[in-house]
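Here's the letter readout for the chains.
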Amino acid sequence: MTGLGSVAWPPAPIRTERLVLREAEGRDRPAFIELFASPEVGTYIGGARPRAEVERTAPEVPGQRSGSFVVERDGAMIGMVTLVRRDAEAPERVRPEGGEVELGYLFLPEAWGSGYAAEACGAVLEWLAGVLPGEPVVVTTQSGNARSLRLAEKLGFTEVQRFEAYGAEQWFGVRPGVPVAGPGRMS
């Protein structure tokens, strides 16, 4: 997986009604450790990592890379949203040449059920449509992850295929690129 190409990074923080989406900072490290050591969060992503291992290996500013947004609520990190360009050789694809942008998201359990994931992912997808108009976006989640499937559908993703990976059935969906109105663009 690679960055977003020519997209300038980091962008200005994205503000929604309740959230700020921004680049990672050193103060986010404890929340990153909690996120990756959480058994609840790890349920559908291969399991939690041992807290001692996460603490030992996490950099001073985890998640500081192109396409990675910290989701902040009331000054504290509650999750993260990522956009990464998939490997062109990935077997699941929606374009013959592959290399689609893939949406990822992880939230701390205390943030679940409040609509924060939909709000944050929707804002990131809107931002992406502005910087890469017409770019299709894909998402992969375990078929058994009902919350993630509902979120994908709410965000406009439709199923392309299901496949077996990591010992479980995976759901692969696409959200067609959304053209952005503006000079020289179709609305």
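Use the structure listed above.
Given the structure is predicted, the values throughout are model-derived calculations rather than measurements.

Novice: Explain the pattern of salt bridges to me, please; I cannot follow it from the model alone.
Specialist: A side chain with one charge can pair with a side chain of the opposite charge if their charged atoms come near. Considering all chains together, one arrives at 16 salt bridges under this definition. A salt bridge links Glu72 to Arg27; the shortest N-O distance between them is 2.9 Å. Remark: Arg27 occurs in the loop between strand E2 (20–22) and helix H1 (29–37) and Glu72 occurs in strand E3 (residues 68–73); sequence separation between them is 45 residues.

Novice: Can you help me understand H1 in this one?
Specialist: In an α-helix, one turn spans 3.6 residues, which is why side chains three or four residues apart end up on the same side. Taken together, the buried positions of H1 are occupied by Arg29, Ala31, Phe32, Ile33, Leu35 and Ala37. Buried-residue contacts for H1 involve helix H2 (39–42), helix H3 (51–57), E3, strand E4 (76–85) and strand E5 (101–107).

Novice: Please clarify how the sheet that holds strand E1 (residues 14–15) should be interpreted in this entry.
Specialist: Strand pairing within a sheet occurs via backbone hydrogen bonds; the two strands may be parallel or antiparallel. Read from one edge of the open sheet, eight strands run E1-E2-E3-E4-E5-E6-E8-E7, paired in mixed fashion. Two strands lie at the open edges of the sheet, namely E1 and strand E7 (158–165), each paired on one side alone. In the sheet, E5 pairs with strand E6 (residues 137–142) via two bridges, with the strands oriented parallel. Opposite Val101, over in E6, you have Val137 as the bridge partner. Contacts between H1 and the sheet are confined to E3, E4 and E5, with E4 contributing the most and set at about 70 degrees to the helix. Together, E5, E6 and strand E8 (168–175) form the strand contacts of helix H5 (residues 146–154), whose direction differs from that of E6 by roughly 160 degrees.

Novice: How should I be thinking about the pairing of E4 in this particular structure?
Specialist: Buried residues dominate E4, accounting for nine of its ten residues. Where E3 meets E4, six bridges bridge the pair, whose relative direction is antiparallel. Looking across to E4, one finds that Ser68 is bridged to Thr82. For E4 and E5, the ladder comprises seven bridges, and the chain directions are antiparallel. In the sheet register, Gly79 faces E5, and the bridge partner there is Phe107.

Novice: How should the environment of Val7 be read in this particular structure?
Specialist: For Val7, the location among the structural elements is in the segment before E1. Overall, Val7 belongs to the buried group, its relative accessible area being 12%. Separated by 59 residues in sequence, Val7 and Ser66 have C-alpha atoms that sit 8.7 Å apart. In this structure, Val7 is in contact with Trp127, Val131 and Leu132, ignoring residues within four places of it in sequence.

Novice: Would you explain helix H4 (residues 116–131) in this entry?
Specialist: For H4, which comprises 16 residues, the first-to-last C-alpha distance of 23 Å matches the rise-based estimate of 22 Å (1.5 Å per residue) to within 8%. Counting buried positions along H4 gives twelve out of 16 residues, so the element sits mostly inside the fold. When H4 is considered as a whole, its buried residues turn out to be Tyr116, Ala117, Ala118, Glu119, Ala120, Cys121, Ala123, Val124, Leu125, Trp127, Leu128 and Ala129.

Novice: Please clarify how the side chain of Ser143 should be interpreted in this entry.
Specialist: Inspection of the secondary structure puts Ser143 in the loop between E6 and H5. For Ser143, a relative accessible area of 14% gives the class buried. A polar side-chain atom of Ser143 sits 3.4 Å from a polar atom in the side chain of Arg162. In contact with Ser143, other than residues within four places in its own chain, are Leu149, Arg162, Glu169, Gln170 and Trp171.

Novice: How should I be thinking about the nonpolar core in this particular structure?
Specialist: Among soluble globular proteins, nonpolar side chains are generally buried collectively. In this structure, Leu21, Val81, Leu83, Leu103, Tyr105, Phe107 and Phe157 are the most contacted members of the largest nonpolar core, which totals 34 residues. Mapped by element, the contributors of at least two residues to this core are E3, E4, E5, H4, E6 and H5. Not counting residues up to four positions away in its chain, the partners in contact with Phe157 are Leu103, Leu125, Val137, Val138, Val139, Ala152, Trp171, Gly173, Val174 and Arg175. Counting residues in each nonpolar core, the second largest holds ten residues, with Ala24, Phe32, Val41 and Leu106 among its members.

Cut-offs used in this document
- Residues numbered from 1 in each chain as written.
- Predicted model: local features only at pLDDT ≥ 70, side-chain atom pairs only at ≥ 80, totals over all residues.
- Heavy atoms only, no water.
- Salt bridge = Lys/Arg side-chain N within 4 Å of Asp/Glu carboxyl O.
- Helix = DSSP H or I, 4+ residues; strand = E, 2+ residues; numbered from the N terminus.
- Buried < 20%, exposed > 50% of the residue type's maximum accessible area, 1.4 Å probe, protein only.
- Contact = heavy atoms within 4.5 Å.
- Pairing = 2+ DSSP bridges.
- Axes fitted to C-alpha atoms, helices over the stretch in contact; angles between N-to-C directions.
- Expected span 1.5 Å × (residues − 1).
- Polar contact = N/O pair within 3.5 Å; in protein donor to acceptor, adjacent residues only side chain to side chain.
- Core = buried A, V, L, I, M, F, W, Y, C linked by side-chain atoms within 4.5 Å.

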